[in-house]
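Read off the chains here:
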Amino acid sequence: VQLQAFGGGLVQAGGSLRLSCVASGRVFSVNHVGWHRQAPGSKRELVAFIQSGGSTSYADSVKGRFTISRDNAKNTVYLQMNNLKPEDTGVYYCGLMYDSTLAWAHWGQGTQVTVSS
């Protein structure tokens, strides 16, 4: 399985971006996907998660601003990010967690998001 993440960029505070994570096969509908971010000098943190059944959860820091969604027909998971803040700056990675192991098994290459104040 290969994941490709794209859609990052430079945006002013208050702006929006939509990230996409495309899989090489039909894996998203039966497994779990998470968007993580890593700020400079910080550990990678999970910010949004979508289960195989469609349930979603978010880190408190992004709740109400970010929305994770999935299009099974396109093998794509999205992260819609609204009202972006400078502290949202970082490299965003999508990860695939197999339902059978509940471990992160595959990662996209990361896409840079920079929010200017």
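See the structure printed just above.
Owing to the predicted nature of the structure, the values given are computational and were not obtained by experimental measurement.

A. Geometry of the packing of aromatic side chains. Inspection of every chain in the model, using the stated rule, returns two aromatic pairs. For the pair Phe-49 and Trp-104, a centre-to-centre distance of 6.0 Å together with 85 degrees between the ring planes defines the contact as edge-to-face. Placement of the pair is Phe-49 in strand E5 (residues 45–50) and Trp-104 in strand E10 (residues 104–107), with a sequence separation of 55 residues. Considering the side-chain rings of Trp-104 and Trp-107, the 5.7 Å spacing of their centres and the 35 degrees angle between planes classify their relative orientation as tilted. One aromatic cluster is present, formed by Phe-49, Trp-104 and Trp-107 through successive ring pairs. Here the basic side chain of Arg-44 rests over the ring of Tyr-93, its NZ or CZ set 3.7 Å away from the ring centre. Sitting over the face of the ring of Trp-107, Arg-44 holds its NZ or CZ atom 4.7 Å from the ring centroid.

B. Main features of the pattern of salt bridges. Going through the model one piece at a time under the given rule, you end up with four salt bridges. Among the salt bridges present, the one from Asp-88 reaches Arg-37, with a minimum N-O distance of 2.9 Å. With Asp-88 in the loop between strand E8 (76–81) and strand E9 (90–97) and Arg-37 in strand E4 (residues 32–38), the pair connects residues that are 51 residues apart, well separated along the chain. By the burial criterion, Asp-88 is buried, and Arg-37 matches it. Among the salt bridges present, the one from Arg-65 reaches Asp-88, with a minimum N-O distance of 2.7 Å. Of this pair, Arg-65 sits in the loop between strand E6 (56–58) and strand E7 (66–71) while Asp-88 is found in the loop between E8 and E9, placing the two residues 23 residues apart along the sequence.

C. A look at the state of the cysteines. All told, the structure shown has one disulfide when counted by the stated rule. Between Cys-21 and Cys-94 runs a disulfide, and the two sulfur atoms are separated by 2.1 Å. Residues Cys-21 and Cys-94 are joined through a disulfide that is right-handed, its torsion about the S-S bond being 70 degrees. Of the two residues, Cys-21 is situated in strand E3 (residues 17–23) and Cys-94 in strand E9; the sequence distance between them amounts to 73 residues. Taken individually, Cys-21 and Cys-94 each receive the classification buried, so the pair is uniform in this respect.

D. The nonpolar core, seen in detail. Membership of the largest hydrophobic core comes to 27 residues, with the highest contact counts inside it found for Phe-28, Trp-35, Leu-79, Met-81 and Tyr-92. Elements that contribute at least two residues to this core include exactly strand E1 (3–6), E3, E4, E5, E7, E8, E9 and strand E11 (111–116). Counting residues per element, this core draws most heavily on E3, at four residues. Those residues in contact with Phe-28 that lie beyond four places of it in its chain are Leu-3, Cys-21, Ala-23, Val-33, Ser-52, Arg-70, Asn-72, Asn-75, Thr-76, Val-77 and Leu-96.

Conventions used here
Residues numbered from 1 in each chain as written. Predicted model: local features only at pLDDT ≥ 70, side-chain atom pairs only at ≥ 80, totals over all residues. Heavy atoms only, no water. Phe/Tyr/Trp six-rings, centres within 6.5 Å; stacked < 30°, edge-to-face > 60°. Helix = DSSP H or I, 4+ residues; strand = E, 2+ residues; numbered from the N terminus. Lys NZ or Arg CZ within 6 Å of the ring centre and 35° of its normal. Salt bridge = Lys/Arg side-chain N within 4 Å of Asp/Glu carboxyl O. Buried < 20%, exposed > 50% of the residue type's maximum accessible area, 1.4 Å probe, protein only. Disulfide = S-S within 2.5 Å. Core = buried A, V, L, I, M, F, W, Y, C linked by side-chain atoms within 4.5 Å. Contact = heavy atoms within 4.5 Å.

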